[in-house]
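Given next are the chains, with one letter for each unit.
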Amino acid sequence: METPNEELNAPINSENLEFENRIDLAELQESVFSIKKQLQKVIVGQKDMMDLLLVALLADGHVLIEGVPGVAKTITAKLLSKTIDVGFSRIQFTPDLMPSDILGTSVFNVKTSEFEFKKGPIFSNMILIDEINRAPAKTQAALFEVMEEKQITMDGTTYKMDEPFVVLATQNPIEQEGTYRLPEAQLDRFLFKVIIEYPNADEELEIIMREQALENTTKVSKIASIIKGAKIVEYRALVNQIKIEENLLKYIANIVVNTRSNSFLYLGASPRASIAILNASKAFAAIEGRDFVTPEDIKRATIPVLQHRVIVTPEREMEGLSSTQIIEQIIEAVEIPR
């Protein structure tokens, strides 16, 4: 494997230059580097999205991806599943989709005169839910139950999901006709909300040039498998061992508590958000090759963890203030531990 370079990894702070890990993170870091290198054979730009998807995998969390059509939401999920050699399932949410269409259903077997459970598409490792806000509340609720419990119970029998199990859900921010808004309680189940912007002019040109160069090949065929799914489970165990000092735990708590007392926010973040920031910051530290969390790791995790968990007051929303801007203000206001 190649050695990580500046293009594929965030700059390393000077405080991280000299230290000796008690946990061997070299293999994890190399795997993350190689996965990103494979994805960048097809995906132009979107480095933040790649980092957040990999961090979510390592932190055992689900991701909500928001962006207009055509910005590589679906293809990135498909390519990511190939790089880690796991099962991939895509479910297109529609207004007539029923819970059984996702979970599966019991079918009567004439030969045995018994009902047999036929598993639905949710029984895979990486699940891509296209346009999650298009399905009715009953179907959404069935999905979120599996996301939280990682199991379903059908006819008195419990079926557990295979690990790793991660849901990547997409939604279109501008099209509201024929959609069902996700309740805040359900949004809280996602570790991150990733907002994907349009590419710039140079990236747009690169996308077109790569498409032209494809000729008779496919994008997926360009991607190689780097690791097995079992490795992700091993890496998660390493991430759980990452150290974080008590003053940094207080830093996380102060940020989250400030969302509840901020006059610009109608709804603040729950304790689940604090835990999400903790787990995500550990994963950020791991992909940087460190066995300890820094304030920068916490800052990187805070916006994608919080921006879908808070609600801006109607007055501030009319002024054009977004949840991201308010969270940035809160981060600036909270004192960084030294």
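Our subject is the structure that appears above.
Residues numbered from 1 in each chain as written. Predicted model: local features only at pLDDT ≥ 70, side-chain atom pairs only at ≥ 80, totals over all residues. Heavy atoms only, no water.

Q: Kindly report on the environment of Tyr198, identifying the contributing residues and their values.
A: For Tyr198, the location among the structural elements is in the loop between strand S9 (192-195) and helix H7 (201-214). Judged by relative accessible area, which is 63%, Tyr198 ranks as exposed. A C-alpha to C-alpha distance of 9.5 Å links Tyr198 and Gln46, two positions 152 residues apart in sequence. Leave out the neighbours within four places in its chain, and Tyr198 touches Val68 and Val71. (Helix = DSSP H or I, 4+ residues; strand = E, 2+ residues; numbered from the N terminus. Buried < 20%, exposed > 50% of the residue type's maximum accessible area, 1.4 Å probe, protein only. Contact = heavy atoms within 4.5 Å.)

Q: Which residues make up the sheet that holds S9, and what values go with them?
A: Where strands meet in a sheet, backbone hydrogen bonds hold them as pairs that are either parallel or antiparallel. Spatial strand order, S2-S5-S8-S1-S9: five strands in an open sheet with parallel pairing. Of all the strands in the sheet, the pair left with one neighbour each is strand S2 (88-92) and S9. Mean inter-strand twist for the sheet, computed between neighbouring axes without regard to direction, equals 20°. Pairing analysis gives four bridges linking strand S1 (residues 63-66) to strand S8 (residues 166-171), with the strands arranged parallel. Its bridge partner lying in S8, Ile65 is registered against Thr170. Of the strands in this sheet, S1, strand S5 (126-130), S8 and S9 are in contact with helix H2 (residues 47-58), which crosses S9 at around 165°. (Pairing = 2+ DSSP bridges. Axes fitted to C-alpha atoms, helices over the stretch in contact; angles between N-to-C directions.)

Q: With reference to specific residues and values, describe the nonpolar core.
A: Among the nonpolar cores identified, the biggest contains 72 residues, and Leu28, Leu168 and Phe192 are the most heavily contacted of them. Contact partners of Leu28, with chain neighbours within four places excluded, come to Leu58, Tyr235, Val239, Ala286 and Ile287. Among the nonpolar cores identified, the runner-up in size contains 26 residues, and Leu103, Leu143, Met161 and Phe165 belong to it. (Core = buried A, V, L, I, M, F, W, Y, C linked by side-chain atoms within 4.5 Å.)

Q: Can you tell me about the pairing of strand S7 (residues 157-160), naming the residues and giving the values?
A: In this sheet, S7 lies alongside strand S6 (residues 151-154) in antiparallel orientation, the contact comprising four bridges. Among the inter-strand pairings, Ile152 is bridged to a residue of S7, identified as Tyr159. Taken together, S6 and the strand that follows it, S7, pair antiparallel across an intervening segment of two residues, in which Asp155 is found at a positive phi of about 55°.

Q: Which residues make up empty space enclosed by the protein, and what values go with them?
A: Across all of its chains, the model carries three cavities of 30 Å³ or more by this definition. Here the largest cavity is characterised by a volume of approximately 50 Å³. Every residue lining the largest cavity is listed: Ser31, Val32, Ile35, Leu54, Leu57, Leu58, Ile227, Ile232 and Tyr235. Of all the secondary structure elements, the ones that give two or more residues to the lining of the largest cavity are helix H1 (26-39), H2 and helix H8 (229-240). Considering only residue class, the lining of the largest cavity consists of eight nonpolar, one polar and no charged. (1 Å grid on protein atoms, 1.4 Å probe; cavity = no way out; pocket = protein on both sides within 12 Å on 5 of 7 lines; lining within 4 Å. Points joined across faces, edges and corners; volume = space filled by probe spheres on them. Nonpolar A, V, L, I, M, F, W, Y, C, P; charged D, E, K, R; others polar.)

Any link to function would need more than the numbers given here.
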